[in-house]
Number of protein chains: 2
Amino acid sequence: MSRRTEQREAILDALRGSDRAVTAQELHGTLEGVGLATVYRNLQRLTDEGTAETLRRDNGEQAFLICGGGHHHHLTCRVCGRVERVRDCRLDDWAGEVAAAHGFAQVEHNAELVGVCKSCLKTGK
Amino acid sequence: MSRRTEQREAILDALRGSDRAVTAQELHGTLEGVGLATVYRNLQRLTDEGTAETLRRDNGEQAFLICGGGHHHHLTCRVCGRVERVRDCRLDDWAGEVAAAHGFAQVEHNAELVGVCKSCLKTGK
DNA sequence: CTTTGTGCAAAGGCTTTGCATGCTT
DNA sequence: AAGCATGCAAAGCCTTTGCACAAAG
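Residues numbered from 1 in each chain as written. Chains lettered and ligands numbered in written order. Predicted model: local features only at pLDDT ≥ 70, side-chain atom pairs only at ≥ 80, totals over all residues. Heavy atoms only, no water.

Novice: Help me out: how do you make sense of the overall build of chain A in this one?
Specialist: Assigned secondary structure in chain A consists of 5 helices and 6 strands. For chain A, the α and β elements follow one another from N to C terminus as α-β-α-α-β-β-β-β-α-β-α. Overall, chain A is about 55 × 45 × 25 Å in size when its C-alpha atoms are taken along their principal axes. Burial analysis of chain A (125 residues in total) assigns 36% to the buried set. (Helix = DSSP H or I, 4+ residues; strand = E, 2+ residues; numbered from the N terminus. Buried < 20%, exposed > 50% of the residue type's maximum accessible area, 1.4 Å probe, protein only.)

Dropping the structure here:
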């Protein structure tokens with residue numbers, strides 16, 4: 001079982017308090033007194049447990065966020081990085097038909113939406 | 001403009017002849033006499049030109065494939081890695097509605113389908 | 001007291017870059 | 001001949017791992 005430590009709490013709080021997906025390095029920079037390896041290990045565990053999710057940035061870096069359970073997708077602002085959870089998903093039919101058409105089975109889908117959020121639109125671009 | 005070299009041709013041929021997305025390291029392993037840096041540089045250029053596309057593996061490694069132009073998605077076999085091009089896309093309406101609902105603009109979508117292909121199904125998972 | 005977590009530094013893996021050489025045009 | 005491409009090795013990043021020490025239960 002998981003042991004309660006200051007560092008783990010700090011990481012969890014940071015994740016919960018963020019509306020963006022954050023990287024291990026970013027967390028390490030933000031949280032004073034938490035070693036980089038500790039950040040990585042905790043993020044690893046959180047994703048293994050299913051508590052946190054992972055997004056991949058264009059440069060290959062992994063970013064983490066806590067977004068709650070259940071099937072959903074992400075809508076990310078390409079300007080400020082804010083991530084919104086999208087529960088509305090009508091991709092199953094499409095995925096199923098495509099799979100059938102190609103002779104595939106056991107198909108899962110994953111979709112990402114990227115745009116510009118309301119507040120970044122106001123700010124101008 | 002691009003200069004014609006043996007190495008570049010070899011890389012292009014390999015990409016065109018593959019039904020999977022391949023990594024730089026894989027290409028370097030396959031193609032005798034092509035330096036790793038050369039593979040990376042050519043793949044970089046091919047994607048910049050829009051000739052090749054990029055997929056990200058779970059470990060963060062980048063894999064490349066040539067898939068032709070136009071909007072499309074990918075259906076990947078999780079067993080053998082074969083990638084099929086999917087032109088059928090009905091995600092625009094959904095993406096637009098989600099965007100509107102969240103106050104986002106300029107939204108682009110990207111979907112990945114992963115399943116098991118016909119021949120891997122026969123072979124037995 | 002035992003077990004698990006942390007920190008630091010080293011090591012790993014993928015990718016990029018500097019520089020001299022070779023090949024294309 | 002001039003310029004771009006290649007090769008090799010070094011360097012860069014992100015991430016993981018080994019080991020001794022500290023903290024939790």
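Text resumes after the structure shown.
Novice: I keep staring at the protein's contact with DNA strand D and nothing clicks. Help me out?
Specialist: As a structural note, the neighbourhood of DNA strand D is formed by 22 residues, with A:Tyr40, B:Arg3, B:Gly35, B:Thr38 and B:Arg41 the closest of them. Taking the atoms of DNA strand D that fall within 4 Å of the protein, sugar and phosphate contribute 64% of them. Separating a base nitrogen of DNA strand D from a side-chain N or O atom of B:Arg3 is a distance of 2.4 Å. One of the side-chain nitrogen or oxygen atoms of B:Asn42 is found 3.3 Å away from a phosphate oxygen of DNA strand D. Of all the secondary structure elements, the ones that give two or more residues to the surface near DNA strand D are helix H3 (36–49) of chain A together with helix H1 (6–16) and helix H3 (36–49) of chain B. Looking at the surface near DNA strand D residue by residue, the classes come out as 5 nonpolar, 9 polar and 8 charged. (Near = heavy atom within 4 Å. Polar contact = N/O pair within 3.5 Å; in protein donor to acceptor, adjacent residues only side chain to side chain. Nonpolar A, V, L, I, M, F, W, Y, C, P; charged D, E, K, R; others polar.)

Novice: Explanation requested: the environment of A:His102 in the structure shown.
Specialist: Tracing the backbone shows A:His102 in helix H4 (residues 91–102). Distance in space between the C-alpha atoms of A:His102 and A:Thr76 is 30 Å, their sequence separation being 26 residues.

Novice: How should I be thinking about the sheet that holds strand E3 (residues 62–65) of chain A in this particular structure?
Specialist: Think of a sheet as strands paired side by side through backbone hydrogen bonds, with each pair either parallel or antiparallel. Residues and elements named next belong to chain A. Across the sheet, 3 strands lie side by side as E1-E3-E2; this open sheet has antiparallel pairing. At either margin of the open sheet sits one strand with a lone partner, and together these are strand E1 (22–23) and strand E2 (53–56). When E2 meets E3, the two strands line up antiparallel, connected through 4 bridges. Directly across from Glu53, in E3, lies its bridge partner Leu65. (Pairing = 2+ DSSP bridges.)

Novice: Explain the nonpolar core to me, please; I cannot follow it from the model alone.
Specialist: One broad trend across soluble globular proteins is that nonpolar side chains are buried collectively. Membership of the largest hydrophobic core comes to 28 residues, with the highest contact counts inside it found for A:Trp94 and B:Trp94. At the level of secondary structure, the elements contributing two or more residues to this core comprise strand E4 (73–77), H4 and strand E6 (105–116) of chain A together with strand E4 (73–77), helix H4 (91–102) and strand E6 (105–116) of chain B. Excluding its chain neighbours within four sequence positions, the residues that come into contact with B:Trp94 are A:His73, A:Val86, A:Asp88, A:Cys89, A:Arg90, A:Leu91, A:Ala111 and A:Leu113. (Core = buried A, V, L, I, M, F, W, Y, C linked by side-chain atoms within 4.5 Å. Contact = heavy atoms within 4.5 Å.)

Novice: Teacher, can you tell me more about the sheet that holds strand E5 (residues 83–86) of chain A here?
Specialist: In spatial order, the strands read E5(A)-E4(A)-E6(A)-E6(B)-E4(B)-E5(B); together these 6 strands make up an open sheet with mixed pairing. A strand with exactly one partner marks an edge of an open sheet, and here the two such strands are E5 of chain A together with strand E5 (83–86) of chain B. The average undirected angle you get between the axes of adjacent strands in this sheet is 20°. In this sheet, E5(A) lies alongside E4(A) in antiparallel orientation, the contact comprising 4 bridges. Among the inter-strand pairings, A:His74 is bridged to a residue of E5(A), identified as A:Arg85. Contacts between H4(A) and the sheet are confined to E4 and E6 of chain A together with E4, E5 and E6 of chain B, with E6(A) contributing the most and set at about 130° to the helix. (Axes fitted to C-alpha atoms, helices over the stretch in contact; angles between N-to-C directions.)

Novice: Honestly, the protein's contact with DNA strand C in this entry has me stumped. Any pointers?
Specialist: By nearness alone, 22 residues border DNA strand C, and A:Arg3, A:Gly35, A:Thr38, A:Arg41 and B:Tyr40 come closest of all. When atoms of DNA strand C within 4 Å of the protein are split into backbone and base, the sugar-phosphate part holds 69%. Measuring from a base oxygen of DNA strand C, one finds a side-chain N or O atom of B:Arg41 at 3.3 Å. Among the secondary structure elements, those contributing two or more residues to the surface near DNA strand C are helix H1 (6–16) and H3 of chain A together with H3 of chain B. Along the lines of polarity and charge, the residues of the surface near DNA strand C split into 5 nonpolar, 9 polar and 8 charged.

Novice: Would you mind showing me how to read the pattern of salt bridges here?
Specialist: Pairs can form between side chains of opposite charge whenever their charged atoms are close. Scanning the model with the defined rule gives 12 salt bridges over all chains in all. Notably, a salt bridge pairs B:Arg90 with A:Glu97, separated by 2.5 Å at the nearest N-O pair. Residue B:Arg90 is found in the loop between E5 and H4, and its partner A:Glu97 is found in helix H4; the two belong to separate chains. Under the relative-accessibility criterion, B:Arg90 is labelled partly exposed at 42%. The class for A:Glu97 is partly exposed, based on a relative accessible area of 43%. Bridged by salt links that share partners, the residues A:Arg20, A:Glu26 and A:Arg57 form one connected network. (Salt bridge = Lys/Arg side-chain N within 4 Å of Asp/Glu carboxyl O.)

Geometric values such as these leave the question of function open.
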